[in-house]
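Summary of structural features
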Amino acid sequence: MITNRDEVLENAFRVFARMNYEKASQTEIAKACGLSKAGLIYYYPFKQDLFVAVVDKYVFQAQHPQNKFTLTSFTLDEFIHQYIAGVKTTMQQMVALLDDGDTSGGCSPNFYYFHLLMQVRLHYPNVEAKLKNMSDRDYELWTTAIRQAQQNGEIRRDLDTAQTASVFHRFFLGLSFEQSFFVGLNTDELSRQLHFIYSTLKA
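The following refers to the structure shown. Quantities reported herein were computed from a predicted structural model and do not represent experimental measurements.

In total, this model carries 17 aromatic pairs according to the counting rule given. Seen in terms of ring centroids, Phe13 and Tyr113 are 6.4 Å apart; in terms of plane orientation they differ by 75 degrees. Their pairing is edge-to-face. With Phe13 in helix α1 (residues 5–18) and Tyr113 in helix α7 (residues 109–123), this pair connects stretches of sequence that are 100 residues apart. Residue Phe13 is classed as buried on the basis of its relative accessible area, which comes to 0%. Classification of Tyr113 by relative accessible area gives buried; the value is 10%. Summarising the aromatic geometry, the rings of Tyr83 and Phe172 are spaced 5.6 Å apart at their centres and angled 90 degrees between planes, so their arrangement reads as edge-to-face. With Tyr83 in helix α6 (residues 76–98) and Phe172 in helix α9 (residues 161–180), this residue pair connects regions lying 89 residues apart in the sequence. Considered together, Tyr83 and Phe172 belong to a single accessibility category, that of buried residues.

Here is the structure:
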């Protein structure tokens, strides 16, 4: 029987990712946790409090750069390699948690993660600023790496730094979302595409 908060969060994460917030009842979540409803309420009296705790751990903490990336790059090429490695590691962790072997819906675990993000937008209190901050942090990583590459003469100095950062940032998001409808993000393809973009920018 589950007796600790982390296991409750892990199982609730799976439920919220696969079900709409409205349908993910405390009874359904308790069942997934191996608890009675009273047992679940002991940890989280209100469903929204549980949802917020799940999102804080598996979205905002998991996607924070200090938890996602080990960036020691000196070139944009190295940054791209390290960025993809961080994306791959984080994605594998989330997929491992969400892949319960149930393929009845025909969706990849990556899709269910995006489904959770849609629920976050709808049901996490005052979420706009937190989502913007999460996106801005990623964009800032690209901006810093590109500006440094321009200063070092690795890529063309006449490029608009902000627009170039936006190309990398949005390509990653777009490919991740598109491929979630199929088998999930292919990080090898992501690497090829980002390095192709990089090749067009070289000085």
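Between two packed helices, both the angle of their axes relative to each other and the distance between the axes serve to describe the pair. With their axes 11 Å apart at the nearest point, helix α4 (residues 47–61) and helix α8 (residues 128–151) run at an angle of 25 degrees to one another. With respect to their mutual orientation, α4 and α8 come out roughly parallel. Every residue of α8 that contacts α4 at Asp56, Val59 and Phe60 is listed here: Lys130, Leu131, Met134 and Arg137. For the contact of α4 with α8, a count of residues per class yields four nonpolar, no polar and three charged.

Moving on, we come to the pattern of salt bridges. Within this structure, the stated rule accounts for six salt bridges. Across the pair Asp6 and Lys57 runs a salt bridge, and its minimum N-O distance is 3.6 Å. Note that Asp6 is positioned in helix α1 and Lys57 in helix α4, a separation of 51 residues in sequence. Accessibility expressed as a relative area gives 47% for Asp6, which makes it partly exposed. A salt bridge links Asp56 to Lys130, with the nearest nitrogen and oxygen atoms 3.5 Å apart. With Asp56 in helix α4 and Lys130 in helix α8, the pair connects residues that are 74 residues apart, well separated along the chain. Asp56 gets classed as partly exposed once you look at its relative accessible area, which sits at 22%. For Lys130, a relative accessible area of 35% gives the class partly exposed.

So, on to α1. For α1, spanning 14 residues, the distance from its first C-alpha to its last is 20 Å, which sits close to the expected 20 Å at 1.5 Å a residue. Among all positions of α1, only Val8, Leu9, Asn11, Ala12, Phe13, Val15, Phe16 and Ala17 are buried. In this structure, the buried residues of α1 make contact with α2 (26–33), α3 (37–43), α4, α6 and α7. With a side-chain oxygen lying 3.0 Å from the backbone nitrogen of Asp6, the N-terminal cap of α1 falls on Asn4.

Rules behind the numbers
- Sequence order sets the numbering: in each chain, residues are counted from 1 along the sequence as written.
- In keeping with the model being predicted, local features are shown solely for residues with a pLDDT of at least 70 and side-chain atom pairs are shown and tallied solely at 80 or more, while totals for entire chains, interfaces and linings include all residues.
- Hydrogens are left out, water is left out, and the side-chain values use all remaining heavy atoms of the structure.
- Put simply, two rings from Phe, Tyr or Trp (the six-membered ring, in Trp's case) pair if the centres are within 6.5 Å, and we call them stacked under 30 degrees between planes, edge-to-face over 60, tilted for the rest.
- Under the DSSP-based scheme used, a helix requires at least four consecutive residues in state H or I and a strand at least two consecutive residues in state E, with every element numbered from the N terminus.
- Burial classification: accessible surface area is computed with a 1.4 Å probe over protein chains only, and a residue below 20% of its type maximum counts as buried, one above 50% as exposed, and the rest as partly exposed.
- Here, axes are lines fitted to C-alpha atoms. For helices the fit covers the stretch in contact, and angles between N-to-C directions go from 0 to 180 degrees.
- Note on terminology: angles under 35 degrees are roughly parallel, angles over 145 are roughly antiparallel, angles of 65 to 115 are roughly perpendicular, and the others are oblique.
- Throughout, a contact is declared for two residues whenever any of their heavy atoms are within 4.5 Å.
- Only Asp, Glu, Lys and Arg are considered charged, only Ala, Val, Leu, Ile, Met, Phe, Trp, Tyr, Cys and Pro nonpolar, and every remaining residue, Gly among them, polar.
- Within this document, salt bridges are pairs made up of a side-chain nitrogen of Lys or Arg and a carboxyl oxygen of Asp or Glu, the two lying within 4 Å of each other.
- The span you would expect from a helix comes to 1.5 Å times its residue count less one.
- Here a polar contact is recorded for every N or O atom pair within 3.5 Å, except that within protein the pair must consist of a potential hydrogen donor and a potential acceptor, and residues adjacent in sequence are included only if both atoms are side-chain atoms.

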